[in-house]
Amino acid sequence: MPDLKYFTAFLCFTAILTASEPDLRINDSEYFECPGLNVMVFHDFYPEGHQGGVTIIQHGERVVANGDLRLEPSPGQWQPIPKMGKRTIHRDRNEIEVSLSFPDSSRDKKGFNPIDYPDLHFAYTVRVAAEGKRFRIIVDLEAPLPAEWIGRIGFNLELFPGMLFGKMYTMDDQSGLFPPQANGPMTVDAQDEVQILPMAEGRILTIAPESEARRCTIESLQEPLLLIDGRGIHNNGWFIVRSLIPENTTRNAVEWIVTPSLIPGWKSAPVIHISQIGYHPDQRKIAVIETDKRDDSKYPVILSRIQPDGQKTEILKKQPESWGDFLRYTYYQFDFTEITDPGIYRLNCGDSDSEPFRIDKNVYQRHVWQPTLEYFLPVQMCHMKVMDKYRVWHGLCHMDDALMAPINHNHFDGYSQGPATLTDFQPGDPVPGLNQGGWHDAGDYDLRVESQAGTVHMLSLAYEAFHVDEDATTVDQKHHLVEIHQPDGKPDMLQQIEHGVLAILGGYQSLGRLYRGIICPTLRQYVLLGDGSTMTDNRVYDAALDEHETDGFRSGVRDDRWVFTEENPRRELQVAASLAAAARVLKHHDPALSARCLSAAGALWDSNKQSDARFKINAAAELWFTTNEETYKNFLTAQKEFMIRGLRWNAPIIGRIVPALDDPDLTRFIREAMVEYKKTLDEQKTRNPFGVPFEPRIWGAGWGIQNFGVGQYFLHKGFPDIFPEEDMLNALNFVLGCHPGSNTASFASGVGSRSILVAYGVNRADWSYIPGGVVSGTALIRPDLPELKEWPFFWQQTEYVMGGGASNFLFLVLAADYLLNGDH
């Protein structure tokens, strides 16, 4: 048994250390800060994404968010939210005050949001005041609540579940455990809404009392606290602490005292950011070291080689170069470009180690781009049954696509059908030809035409540039069957391109125009977690049949997805470019399909001749590359002014067409613009330590940086003396792990020593991933916390998408290998 006097002395010493550290104060970024604790007050306002309101960052991790009044005990994505007003900083009394009001119906002004706003209007303020190392949350109402809303409105504070599973809580004299799954009992409230009964009720809640890093005590001075598991109502819910607004109250309607635990002397440990797959011997190799701004230890960085027997040999040791401050951290760079010997390596800085990584000439050749082609793209294929040996990724789905969308209708996911269908089909009519091809976009099973076209385009450019003839998958269009890791004698990339254009051309032929998108009509279908084949009955709706009647091919169940159309010349020209590129690479694989692609691309070009020239450059270029017709070439040579507008987005095509046009005057003009553009890029790169133009925001920037990288490849090919290969490789390194924040994972699932293995894909409810899917990546918790959590329901951090995610990543990896190893 330990000596009591030494234990007592230790406690006293800990208390002295804690007391001697600074109290919570409002910093220059206008949030409360002390070592180990930050409290943000409505810096973010994205409640449906669990971002906003009163937010607590404890020991570097966001543990609490969305502190605000809500109408529901456990609100979901499509429920009423308040409107944020003025935010006032009172430094003299160490308080932040925010005015708000219900409801924020402005979010529904376009009609896309399926929120049923109640006839309720009231204003209130949320005040947060720091007191030493704790803080007080106070809610004041402008007027008492209406009698009918008593017992229905309360202050909610959401607890991030991923850090609490298996941890304990106490509520007054009760105790309990935070379970990894939601457990009942359930009940039905006075409004006939299903609710989950609280886990506990009382005045003082202590969260994770056993954990010094996560312990937090909340005391309510007014109504009792309710601890609720929001996942019982919404799968993506959090644990919620709630107390109701009492009747006949305005001032101090809610008053909580929040006391988080603080580890004395806490500083965030150094984080080593590297590519999680490693490096080619000939490329520049820079590790980025992220440190606490208060940490002046200045540790050296040690590069060691891991031997086959497990022993480590020190290869390089030196002080990293100081880069400066970015967001909330101080950064250093460790350049080990000089190390070129093949092998397995690891970096160390202080008590922190990187994941192991390789230096090798074949580092980009296996287990990097292949998961995207072998897993992600097949798994996303619509109108197919997708098998993987013993596993079924999903059954045959959406063979009842699709009914013509209703007119004058705004869909909750952003699609809009105007006053006409723009086709010969009437609302509710079955449209043939749509039950073929295409990939499910993101986690909601819709087919956006720009996502289909963007994926087709990037795969076509990749096949054209790098001649990838890998055959690992069977794609049987006749029988709507995919078999992963079962070769069928055909290049997988060409079969994926074929699958994409079948969806586009099927709609174009049936509708006489492009579809805008195909999506389920109801929220119940939209939030489906699981096998997409269960979304509909795969039988075309027939109004002549009773609801539960079927003839085997048609049914009376109106669950078919809807198809939307639009007038959008810019999107039509984007699709034209994709189809023209696909026509080139499909020419020998499927000549008839290639001809259909080219015919549709030409028709889309012809129907948009009066469109803005800026939107026509890509389509003209791809049509010229495919047909070599002077019409397209002459158009391009006349567009030099438009080419240099928005160079970041036009880069992929400019880097290809200017050298091919062989026009000295045009080349000279474009080169001058490119020199200026490169200066702009170089300035943007100085704003962060990762070597890419990167402006953190509420959504992860990974997809945009991949797009930038693809552009840099083509600019390097077209203007190698202006654009080095390094910018493209930096973009790839960012996606592969060299990005800010404590989570150093590769954004590409299943790629690298550490990668995102819990992602927002169609299997997110299983806390799983799809190999080769690429997530949006590290997002910003305003104003300065980079975050990439392990949580399957953060679409702004870990969602997979088509048309800019995985296909761009595949291209970048192939491009890196091509540039560093040549055509092998």
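See the structure above.
Because the structure is a prediction, the values reported are computed rather than measured.

What should I look at first to understand the overall build of the protein chain in this one?
A count of helical and extended segments in the protein chain gives 16 helices and 44 strands. The globule rule puts the C-alpha radius of gyration for 824 residues at 28 Å, and the 29 Å found for the protein chain is close to it. Projected onto its principal axes, the C-alpha positions of the protein chain cover 85 × 75 × 55 Å. Put simply, of all contacts in the protein chain between residues at least 6 apart along the chain, 67% involve residues at least 24 apart. Carbon and sulfur atoms provide 49% of the accessible area of the protein chain, an area that totals close to 32,700 Å².

I tried to follow helix α9 (residues 630-637) on my own but got confused; where do I start?
Residues that lie three or four places apart on an α-helix share one face, since the helix turns once every 3.6 residues. The complete set of buried residues in α9 reads Tyr-632, Phe-635 and Leu-636. With its buried residues spanning 95 degrees around the axis, α9 presents them on a single face. Tucked into the core, α9 has its buried residues touching α7 (591-606), α8 (617-627), α10 (640-643) and α11 (647-661).

Just to check I follow, could you spell out the pattern of salt bridges for this structure?
Once the charged atoms of two side chains with opposite charge are near each other, the side chains can pair. Throughout the structure, instances matching the rule amount to 44 salt bridges. For Arg-284, the salt bridge is made with Asp-335, and the minimal N-O distance between the two is 3.7 Å. Placement of the pair is Arg-284 in the loop between β22 (278-279) and β23 (286-292) and Asp-335 in strand β27 (residues 329-335), with a sequence separation of 51 residues. Judged by its relative accessible area of 42%, Arg-284 is partly exposed. Using a relative accessible area of 26% as the deciding quantity, one classes Asp-335 as partly exposed. Arg-571 is the partner of Glu-566 in a salt bridge, and the nearest nitrogen-oxygen pair spans 2.6 Å. The class for Arg-571 is buried, based on a relative accessible area of 18%. Here the residues in one salt-bridge network are Arg-93, Glu-95, Glu-97, Arg-127, Asp-140 and Arg-251, joined through shared partners.

I keep staring at the packing of helix α12 (residues 664-685) against helix α13 (residues 702-718) and nothing clicks. Help me out?
Two quantities define a packed helix pair, namely the angle between the axes and the distance from one axis to the other. Contact geometry of α12 with α13 gives a least axis separation of 14 Å together with a crossing angle of 145 degrees. Crossing handedness for the pair α12 and α13: left-handed. Taking contact as the criterion, the partners of Met-674, Tyr-677 and Leu-681 in α12 are, on α13, Phe-708, Gln-712 and Leu-715. Partitioning the contact of α12 with α13 into residue classes produces five nonpolar, one polar and no charged.

I keep staring at the packing of helix α4 (residues 492-511) against α7 and nothing clicks. Help me out?
One can describe the packing of α4 onto α7 by two numbers: an axis separation of 11 Å at closest approach and a directional angle of 55 degrees. The angle between α4 and α7 places the two elements in the oblique class. For the crossing formed where α4 meets α7, the hand is left-handed. Here α4 contributes Glu-498, Val-501, Leu-502, Leu-505, Tyr-508 and Gln-509 to the contact with α7, which in turn contributes Leu-593, Arg-596, Cys-597, Ala-600, Ala-603 and Leu-604. Across the contact of α4 with α7, the residue classes break down as nine nonpolar, one polar and two charged.

Any chance you could explain the sheet that holds strand β39 (residues 517-519) here in plain terms?
Adjacent strands of a sheet form backbone hydrogen bonds with each other and so pair up, either parallel or antiparallel. The sheet built from four strands is open, its strands ordered β33-β42-β39-β36 with mixed pairing. Looking at strand neighbours, the two that pair on one side only are β33 (403-404) and β36 (447-448), the edges of this open sheet. With two bridges connecting them, β33 and strand β42 (residues 562-564) associate as parallel partners. Looking at the pairing, Leu-403 lines up with Trp-562 of β42.

Hey, could you run me through helix α16 (residues 806-821) in this one?
Taking 1.5 Å of rise per residue, the 16 residues of α16 would be expected to cover 22 Å, and the 23 Å separating its terminal C-alpha atoms lies within 8% of that figure. Along α16, 14 of the 16 residues are buried, which leaves the element largely enclosed by surrounding structure. Just downstream of α16, Gly-822 is the residue with a positive phi angle, here 80 degrees.

What is the right way to read the pairing of strand β18 (residues 225-229) from this model?
In the case of a regular strand, side chains alternate between the two sheet surfaces. Of all five residues making up β18, five are buried, and the element is well covered by its neighbours. Neither face of β18 is left uncovered, since the one carrying Leu-225, Leu-227 and Asp-229 and the one carrying Leu-226 and Ile-228 both have all their residues buried. The pairing of strand β15 (residues 200-202) with β18 spans three bridges and is antiparallel. In the sheet register, Gly-202 faces β18, and the bridge partner there is Leu-225. For β18 and strand β19 (residues 239-244), the ladder comprises four bridges, and the chain directions are antiparallel. Each residue of the ladder has a partner; that of Leu-227, found in β19, is Val-241.

Rules of the game
Sequence positions are assigned chain by chain, starting from 1 and proceeding in written order. The predicted nature of this model means local features are confined to residues of pLDDT at least 70 and side-chain atom pairs, given and counted, to a pLDDT of 80 or more, with totals for whole chains, interfaces and linings taken over all residues. Processing note: side-chain calculations cover all non-hydrogen atoms of the structure and skip hydrogens and water entirely. By the criteria applied, helices consist of DSSP H or I runs no shorter than four residues and strands consist of E runs no shorter than two, each listed in order from the N terminus. Here the globule rule reads 2.2 Å times residues to the power 0.38, and the radius of gyration is calculated from C-alpha atoms. Whether two residues are in contact is decided by their heavy atoms: any pair within 4.5 Å suffices. For every accessible area listed, the method is Shrake-Rupley and the probe measures 1.4 Å; residues are considered covered only by the protein chains on display. Burial status follows relative accessibility: with a 1.4 Å probe on protein chains alone, a residue under 20% of its type maximum counts as buried, one over 50% as exposed, and anything between as partly exposed. Here the arc refers to the set of directions running from the helix axis out to each C-beta atom. Between Lys or Arg on one side and Asp or Glu on the other, a salt bridge is scored when a side-chain nitrogen of the former is within 4 Å of a carboxyl oxygen of the latter. Orientation is described by lines fitted to C-alpha atoms, with helices fitted over the stretch in contact, and by angles between N-to-C directions that extend from 0 to 180 degrees. Helix crossings fall into two classes, left-handed where the near helix is turned counterclockwise from the far one by less than a right angle and right-handed where it is turned clockwise. In this count, Pro and Cys sit with the nonpolar residues alongside Ala, Val, Leu, Ile, Met, Phe, Trp and Tyr, while Asp, Glu, Lys and Arg are called charged and the others, Gly among them, polar. Relative orientations are named as follows: roughly parallel for angles under 35 degrees, roughly antiparallel for angles over 145 degrees, roughly perpendicular for angles from 65 to 115 degrees, and oblique for any other angle. Here, any two strands with at least 2 DSSP bridges between them count as paired. Here the expected span of a helix is defined as 1.5 Å times the quantity of residues minus one.

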